[in-house]
Amino acid sequence: MDNVRLPKPSGMAAGRSSIEDHHGSDYEMDFEDATAEMTHRTGGQNVNAHTTPRKGSANGLKRHLSEWAESTVRNDTNYEEGEEYEQLLDPTLPEEDTIELHRMDSGSLESFDDETADKADEENSPYEEVRAAVRNYDEDLPCNTIRAWTIGLTLVLVGASMNTLFSLRQPSIGLGSLIAQIIAWPLGRAWEKVVPDRRIRIFGLGCDLNPGPFNIKEHSIIVVMASVSFSVAYSTDIILAQLVFYKQNFGMIFQLVLTISTQSLGYGIAGMMRRFLVYPASMIWPSNLVSVALMNAMYEKHQAPDPSIIGGRMPRYRWFGLVTFVSAIYYFIPGFFAQCLSIFAFATWMAPKNPVVNQLFGGTTGLSILPITFDWAQIAGYVGSPLTFPWHAIANTLIGVVVFYILLATSFHYTGVWYSQFLPMADSSTYDNTGAIYNVSRILTSEFTLDEEAYNGYSPVFISTVFALSYGLSFASITALVVYTYLHHSKAIWAQYRNSTNEKPDIHMKLMQKYREAPSWWYFSLFGIMLALGFFSVLAYQTNLTWWAFLLAVGISFAFSLPIGIIQAVTNHQIGLNVLTEFVYGYIQPGRPLALMLFKTYGYITMSQALSFVSDLKFGHYMKIPPRTMFMAQVVATTFSCFIQIAVLNFALSNIDGICDLTQPQRFTCPGGRVFFSASVIWGLIGPARVFSPGQIYSGLLTFFLIGAVAPIVFWYAARRWPRSGAKYLMAPLIFGGAGTIPPATPLNYLSWGVVGYVFQHLVKKHRFRWWSRLNYLTSAGLDLGLALGTLVVFFAFTLNDIEAPRWWGNNVVSGTMDYQGKAVQVVLPPGQTFGPEAW
């Protein structure tokens, strides 16, 4: 589907946050110290919901866990171990879901002193979710240090460059801010021990080279820098579509101005929304709670090894290092020496020229009915690590993949819906009525607009069955999310919106009042500068985007930021505006593909970036980071990453042979840029009126708007009618939109991701909870980091030096299939013949 920005997985890409103990020298990371053991509930059990925690050795964390248990105890359901994480990872679980927590019998709960325990007994947040994860006191620790800036910007350089390079690859892989969080810890400790303690002057300002022990606030600033810079800019897909597919090059200045303006325009909106979305206690931002809890766990005292579990005898970072090393070394096997292990579609090897076999079992342009892969890049590349998603979210996503992308796609494809017999089953390209790739140059004028006469004499646009269904599901997910949010959260949202304007400051707001706020004129000035850069990028070049359309796009972002922000702050769901902006511009100014891409980016990503910045501001609010330091860290890291991403993108385009070709040996096929280009053809060049309006080929997809609106009502009624059934776990937005990266992702990516998620997030968590709570997140981060390192070595050692993979059966068998070549089509017309409607 057209590039959908999904929320960062809480465990991998957004895991960040903090408790500091200065009374010991061991800063060993300890996730288990921050967890509580769980037992199955039994019906009719009488539980005392109010207990008083002991003072002294009963620390603040212990009190938080006790309150959490007290606030959630009910007597109506049975629950599995570890589900307290699911309540944080996805607070949209049905209201009936409750858990019982039991304090661990380890020494980890004795890690704080009496003074800290006394602090924890003071005023706290009115919301139990926040009380469970966020400290209700502040410590005077330095965070605006040369150490934090050096480590932070170094990680920005590494993360932004690696993610930009990896985004060109299929499957795409990415480093999240949790990787930065884990790597920053040993870097900070090493700096603390190695760098001399002396004072220097930079730009006339004095600063300490070594400000003392590496602390939780420095760590938080580093993670914020990574959070705002690691994600690849949406504008890079515009640049790819221009350079590779439209053969249009406006130069480096345009690329930089476009990227900086699209990435940073949202800061102005974020600053305006602070009083509604950051300051009020009712704006919880649930995704930050797991981040805060994990950061706090990293600064607890070391707990004794747990010899009862695999890996429990060694320190956590040693386990992380071991997993990273093994993952990096192992990647050479499926990534270079035996590429058949990456997509183990053995059925296509036995019938490489059979289109039906390749359509059903292929993993590149097929449905991968037998989803077998031995490559972590295929499992976690597009979706994120399955070790960080709650099982019920994985299950809902799998329902959508199986029902729509397996069953419905198969039914549609083999009954000839949308002339599918002449097209591939699953890819992200556009085709003409001969089955060839759509030749956009035949219908473009010299001003890069639609030549209607040429279009009428050429062909309507056709897309694969899976690509078409992905648009239908995107329509359904929009209405489903609106209806679902209304049914399940409308009262809470309205109440919290009213509270956000008049509720009294909570303890966290009171604690933040000691720091000078970043003045509004900083945000307004930045907004004005970015708006001017945006005007320059769309008017100084031949983009065909008018000034009023640019302002309309920014206005859409601004208008939707507050209501969508309230929904996200309460429910953890963000309603995307990409399809809405494509619809709007496709109808008001059709025939302008580049203008549509720009309109969509300024209309959608500006809002998305604004809410991402707001979320980080709330994270800083919880961690008690001075607002002015937060502002500078966010702006500098974002701007720095823009230069890095443009440099890496142009380097890759100039140095990787065959880049963006579907048969590129190292799979640098530019999947995001290809989807972006196809969307610009469908929505911009040709326009939705010629594709989706009544009477057109894909008009039936508009019924998905109705399906998406009705499904949440059906699930809601079923859950109320049969409260003990599985209907209460069905989430229509996830069923329709959970697989939002298909295409360029394939069912193989989601099905294999779901299998691994079932093993770790259901079976292991249920039966080996001590291992899961201690090592699950570190295992996930190690697999991700090892994969990234292995990919980099293969790229720099082999790809750039034109060293080909070994020529043997294990590599050759893959490239000989129709699935790999993108030629799995049932009917190939002879030259001169066409299919489709006679008039369009």
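Residues numbered from 1 in each chain as written. Predicted model: local features only at pLDDT ≥ 70, side-chain atom pairs only at ≥ 80, totals over all residues. Heavy atoms only, no water.

Draft legend 1. Layout of the overall build of the chain. Looking only at helices and strands, the chain has 31 helices and 6 strands in total. Counted over contacts in the chain with a minimum sequence separation of 6, partners at least 24 positions apart contribute 83%. For the chain, the exposed surface amounts to about 30,400 Å²; the carbon and sulfur share of it is 62%. (Helix = DSSP H or I, 4+ residues; strand = E, 2+ residues; numbered from the N terminus. Contact = heavy atoms within 4.5 Å. Areas by Shrake-Rupley, 256 points an atom, 1.4 Å probe, with all protein chains shown as cover.)

Draft legend 2. Local environment of the state of the cysteines. Enumeration over the complete set of coordinates arrives at 1 disulfide. The partner cysteine of Cys660 in its disulfide is Cys670, sulfur to sulfur 1.8 Å. Measuring handedness by torsion sign, the sulfur bridge of Cys660 and Cys670 sits at about -70° and is left-handed. Taken as a pair, Cys660 in the loop between α24 (627–655) and α25 (671–686) and Cys670 in the loop between α24 and α25 lie far apart in primary sequence, 10 residues in all. For the pair formed by Cys660 and Cys670, the shared burial category is buried. (Disulfide = S-S within 2.5 Å. Buried < 20%, exposed > 50% of the residue type's maximum accessible area, 1.4 Å probe, protein only.)

Draft legend 3. Examining the pairing of strand β3 (residues 199–202) more closely. Across 4 bridges, β3 lies against strand β4 (residues 205–208) in antiparallel orientation. Its bridge partner lying in β4, Ile200 is registered against Cys207. Hairpin connection of β3 to β4: 2 residues between the antiparallel strands, including Phe203 at a positive phi of 55°. (Pairing = 2+ DSSP bridges.)

Draft legend 4. Representation of the packing of helix α12 (residues 316–337) against helix α29 (residues 769–799) within the structure. Direction vectors running N to C along α12 and α29 enclose 40°, while the axes themselves pass 6 Å from each other. In terms of their interaxial angle, α12 and α29 are classed as oblique. The element α12 and its partner α29 pack so that their crossing is right-handed. Taken together, the residues of the contact of α12 with α29 break down into 18 nonpolar, 7 polar and 2 charged. (Axes fitted to C-alpha atoms, helices over the stretch in contact; angles between N-to-C directions. Parallel < 35°, antiparallel > 145°, perpendicular 65-115°, else oblique. Left-handed = near helix turned anticlockwise from the far one by under 90°. Nonpolar A, V, L, I, M, F, W, Y, C, P; charged D, E, K, R; others polar.)

Draft legend 5. Region of the structure containing the side chain of Ser537. Mapped onto the fold, Ser537 is located in helix α20 (residues 520–539). A distance of 2.8 Å separates the side chain of Ser537 from the backbone oxygen of Gly534, its partner in a polar contact. Here Ser537 is in contact with Phe254, Val257, Leu258, Ser261, Thr543 and Tyr602, once residues within four sequence places are set aside. (Polar contact = N/O pair within 3.5 Å; in protein donor to acceptor, adjacent residues only side chain to side chain.)

Draft legend 6. Quick peek at the pattern of salt bridges. Taken as a whole, this structure holds 11 salt bridges when the rule is applied. The salt bridge involving Asp138 is made with Lys217; its shortest N-O contact spans 2.7 Å. Linking Asp138 in the loop between α4 (128–133) and α5 (146–166) with Lys217 in helix α7 (residues 216–229), this pair joins segments that are 79 residues apart in sequence. There is no split in this pair, since Asp138 and Lys217 are both buried. Arg189 serves as the salt-bridge partner of Glu192, at 3.3 Å between the closest nitrogen and oxygen. Here Glu192 and its partner Arg189 are both found in helix α6 (residues 177–194), 3 residues apart, which amounts to about one turn of the helix. Members of the salt-bridge network, linked through shared partners, are Asp138, Asp140, Lys217 and Lys514. (Salt bridge = Lys/Arg side-chain N within 4 Å of Asp/Glu carboxyl O.)

Draft legend 7. Spatial organisation of the side chain of Thr364. Within the fold, Thr364 resides in the loop between α14 (355–361) and α15 (376–380). On the basis of relative accessible area, Thr364 is assigned to the buried category, the value being 14%. Residues within four places of Thr364 in sequence aside, it is in contact with Ile343, Ala426, Arg667, Thr746, Asp819 and Tyr820.

Draft legend 8. Geometry of the nonpolar core. One finds Leu277 and Tyr471 to be the most contacted residues of the largest nonpolar core, which totals 217 residues. Take this core: its biggest share by element is 18 residues, from helix α23 (residues 593–623). Leu277 has contacts with Met283, Trp285, Ser561, Leu562, Gly565, Ile566, Leu611, Val614 and Lys618, leaving out every residue within four places of it along the chain. With 5 residues, the next largest nonpolar core counts Cys340, Trp349, Val813 and Val814 among its residues. (Core = buried A, V, L, I, M, F, W, Y, C linked by side-chain atoms within 4.5 Å.)

Draft legend 9. Region of interest: the packing of aromatic side chains. In this structure the tally under the stated criterion is 46 aromatic pairs. Centroid distance Phe760 to Trp771: 6.1 Å. Interplanar angle 40°. Geometry classified as tilted. Note that Phe760 is positioned in helix α28 (residues 747–767) and Trp771 in helix α29, a separation of 11 residues in sequence. Grouped by ring-pair contacts, the aromatic residues Phe467, Tyr471, Phe475, Phe583, Tyr587, Trp683, Phe692 and Phe705 constitute a single cluster. In this arrangement the basic side chain of Arg275 is found over the ring face of Phe276, its NZ or CZ atom lying 4.6 Å from the centre. Between the NZ or CZ atom of Lys600 and the centre of the ring of Phe676, over which it lies, the distance is 4.0 Å. (Phe/Tyr/Trp six-rings, centres within 6.5 Å; stacked < 30°, edge-to-face > 60°. Lys NZ or Arg CZ within 6 Å of the ring centre and 35° of its normal.)

Draft legend 10. Structural view of the packing of α6 against α7. Look at α6 against α7: their axes get within 9 Å of each other, and the N-to-C directions meet at 145°. Handedness of the crossing formed by α6 with α7: right-handed. In this structure, α6 uses Ser177, Ala180, Gln181, Ala184 and Trp185 to contact α7, whose residues at the interface are His219, Ile222, Val223, Ala226 and Ser227. Across the contact of α6 with α7, the residue classes tally to 6 nonpolar, 4 polar and no charged.

Draft legend 11. Structural view of unusual backbone geometry. Of note, the bond from Pro743 into Pro744 is cis; its omega dihedral lies within 30 degrees of zero at 10°. Relative to the elements of secondary structure, Pro744 occurs in the loop between α27 (732–737) and α28. One non-glycine residue with positive phi stands out, namely Lys247, at about 55°. Along the chain, the position of Lys247 falls in the loop between α8 (235–245) and α9 (252–272).

Draft legend 12. Summary view of the confidence of the model for the chain. For the chain, the mean per-residue pLDDT works out to 80, and 82% of the residues sit at or above 70. Taken together, the stretch residues 3–117 has pLDDT below 50 and engages in 334 contacts with residues farther than four places along the chain or on a different chain. (pLDDT = per-residue confidence, 0-100.)

Draft legend 13. Focus on the layout of surface pockets. Roughly 860 Å³ of internal volume is contained in the second largest pocket. Around the second largest pocket sit 46 residues that line it, and Gln339, Gln664, Pro665, Gln666 and Tyr820 are the ones nearest its centre. Counting residues per element, the ones that place at least two in the lining of the second largest pocket are α12, α13 (346–350), α29, α30 (809–815) and α31 (818–821). Tallied by class, the residues present in the lining of the second largest pocket amount to 19 nonpolar, 19 polar and 8 charged. (1 Å grid on protein atoms, 1.4 Å probe; cavity = no way out; pocket = protein on both sides within 12 Å on 5 of 7 lines; lining within 4 Å. Points joined across faces, edges and corners; volume = space filled by probe spheres on them.)

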